[in-house]
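# Summary of structural features
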Number of protein chains: 2
Amino acid sequence: MITLTEENYIKAIYHLGKYGAHNVSTNAIAKEMETKASSVTDMVKKLSEKGYADYKKYQGVTLTEEGKEIALSIVRKHRLWEVFLVDHLNFSWDEVHEVAEQLEHIKSKKLIEQLDAFLGFPTHDPHGDPIPDKSGHIKKIDKILLSEAQVGHRGICVGVKDSSSNFLKYLDKNSIALGTEIEIIHREPFDHSITIQANNKELIISNLIANNLFIRVS
Amino acid sequence: MITLTEENYIKAIYHLGKYGAHNVSTNAIAKEMETKASSVTDMVKKLSEKGYADYKKYQGVTLTEEGKEIALSIVRKHRLWEVFLVDHLNFSWDEVHEVAEQLEHIKSKKLIEQLDAFLGFPTHDPHGDPIPDKSGHIKKIDKILLSEAQVGHRGICVGVKDSSSNFLKYLDKNSIALGTEIEIIHREPFDHSITIQANNKELIISNLIANNLFIRVS
DNA sequence: AATAATTTTTAGACTAATCTAAATTTTATT
DNA sequence: AATAAAATTTAGATTAGTCTAAAAATTATT
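Our subject in this report is the structure included herewith. Not measured: the values here are computed from a predicted model.

### What about the side chain of histidine 105 of chain A?
By the element assignment, histidine 105 of chain A lies in the loop between helix 5 (96-103) and helix 6 (109-118). The exposure class of histidine 105 of chain A is buried, given its relative accessible area of 10%. Sequence-distant contacts of histidine 105 of chain A, that is, excluding residues within four places in its chain, are made with Leu4, Glu7, Asn8 and Lys77 of chain A together with Gln102 of chain B.

Dropping the structure here:
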């Protein structure tokens, strides 16, 4: 049987290793999990013994196929619950994370499949992140960061990279949501801030903001 | 902070102490929790130190007001989730318990209040058990066990005492559900089995069955 | 009232997960 | 290549919850 703590470590390793298949470092996991490196060492040894991860001393860790499957099932549950909270329980996109962190550990195959059906088999969560299907497959859409878009181009907002409450509240305040049409009017060479047109209004956003907003160019 | 295990002990003490305010014995808790008496002793000491229970050596344990509040909030969550599973996720009443046991520990005030509203503020769960309101108040209905009903009387089924899967499946098989009209035709003196009329059919049920079905006499 | 049976508690050990502090290994810098 | 800095691991302790086996208290029976 897999414990809640093991699940959380597997999820952390998955998220840290997502881009590029390189080994995830002990310190990186410790930072992500807000724990100490020594605790991480103990746990990755255990995950390795149980067959969820490959670990060699001082060399970092990667997930095995079994580990990845577990990670994807947790991600799937997390994102489906987020959709439920936003679509049916009046949560806003900056409120869902904490609760979904708890709900993602509920174990019941029937529950999650019925929930999926109840929600209409959504493909993306409220932050635009893709929801793995029953067999763990993720449908990728070609999105780019707003900071990488060229002046003159237009696209629609399809996701956020950072989903911290502060960032999401900033977007709400400026009427930027998933589906919002955005045109890049001007990029300021000095600070890389960007002037965009959205909701028929011009808005200047900092490079940091632009670096955390995904659009699909149309 | 209260742990998951503490919550489960509090819930067990609540359920065992529900009828009559007498002290709950160590052995009774051990049986309910499927654990050893020595573990129970340790835990009730801890609950007592934390202010959730009153405990005196060899004398059993009762919940404090704070303990009762916690118990009621867990019961409320459990039963609301059961309604959700049955009403919206196609679970049958014999499948909900295990999953609700997990969901009842999710901590989020907003979640449970929004869920309550989403479900239309239900007053009873799929087994006919009352759902405590936000402030822990339970609305009691006057129900009696079918085994206590008099021959000739009629009523509607409003709850089950046992909610084990086997019992609930028996009821399904015999088309008895919450809301079913039942008339007591005959009681057999020898084994206390009862002949009832339900769904326009006569049915003989054992005393054990009759002892686990609640009706409201009409 | 004494003894037997049952219940409950205590003592001590175990596992999972964590931590601090020290030791070791790897990586970076001179 | 030697040394300094950073990252990682080990050793040993701690907490929550559990267990077995033995001791103590309560309850039942003669």
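Following the structure, the description resumes.
### Side note on the protein's contact with DNA strand C
Not every one of the 21 residues close to DNA strand C is listed here, only the nearest: Thr3 and Lys46 of chain A together with Lys45, Tyr55 and Lys57 of chain B. The sugar-phosphate backbone supplies 78% of the atoms of DNA strand C found within 4 Å of the protein. Within the side chain of serine 38 of chain A, a nitrogen or oxygen atom sits 3.0 Å from a base oxygen of DNA strand C. Between serine 39 of chain A and DNA strand C, the recorded distance is 2.6 Å, taken from a side-chain N or O atom to a phosphate oxygen. Contributing elements (two or more residues each) for the surface near DNA strand C: helix 1 (4-17) and helix 3 (37-49) of chain A together with helix 2 (26-33) and helix 3 (37-49) of chain B. When residues of the surface near DNA strand C are assigned to their parent elements, the largest contribution, five residues, is made by helix 3 of chain A. A class-by-class count of the residues in the surface near DNA strand C yields six nonpolar, ten polar and five charged.

### Things to note about the protein's contact with DNA strand D
In the region of DNA strand D, 22 residues are neighbours, and Lys45 and Tyr55 of chain A together with Thr3, Thr35 and Lys46 of chain B sit closest. Sugar plus phosphate: this is where 77% of the atoms of DNA strand D within 4 Å of the protein reside. Residue threonine 3 of chain B places a side-chain N or O atom 2.5 Å away from a phosphate oxygen belonging to DNA strand D. Mapped onto the surface near DNA strand D, the elements with two or more residues apiece are helix 2 (26-33) and helix 3 of chain A together with helix 1 (4-17) and helix 3 of chain B. With five residues, helix 3 of chain B is the largest single contributor of residues to the surface near DNA strand D. Class assignment of the residues belonging to the surface near DNA strand D gives a composition of six nonpolar, ten polar and six charged.

Cut-offs and rules
Here the residue numbers are simple positions, counted from 1 along each chain's written sequence. Chain labels run from A onward and ligand labels from 1 onward, assigned in the order the entries are written. Only residues with pLDDT of at least 70 are given local features in this predicted model, and only at 80 or more are side-chain atom pairs given and counted; all residues enter the totals for whole chains, interfaces and linings. Side-chain calculation: all heavy atoms of the structure are included, whereas hydrogens and water are not. The way it works is that DSSP assigns letters per residue, a run of H or I at least four long becomes a helix, a run of E at least two long becomes a strand, and they are numbered from the N terminus. Under the scheme applied here, a residue whose accessible area is under 20% of the maximum for its type counts as buried, over 50% as exposed, and between as partly exposed, the area being computed with a 1.4 Å probe on protein chains only. We call two residues in contact when some of their heavy atoms are within 4.5 Å. For each residue, the test is whether any non-hydrogen atom lies within 4 Å of the molecule or strand; if one does, the residue is near. Definition of a polar contact: a pair of N or O atoms within 3.5 Å, with one able to donate and the other able to accept a hydrogen when the atoms are protein atoms, and with sequence-neighbouring residues admitted only if both atoms are side-chain atoms. Each residue is assigned to one class: nonpolar for Ala, Val, Leu, Ile, Met, Phe, Trp, Tyr, Cys and Pro, charged for Asp, Glu, Lys and Arg, and polar for all the others, Gly among them.

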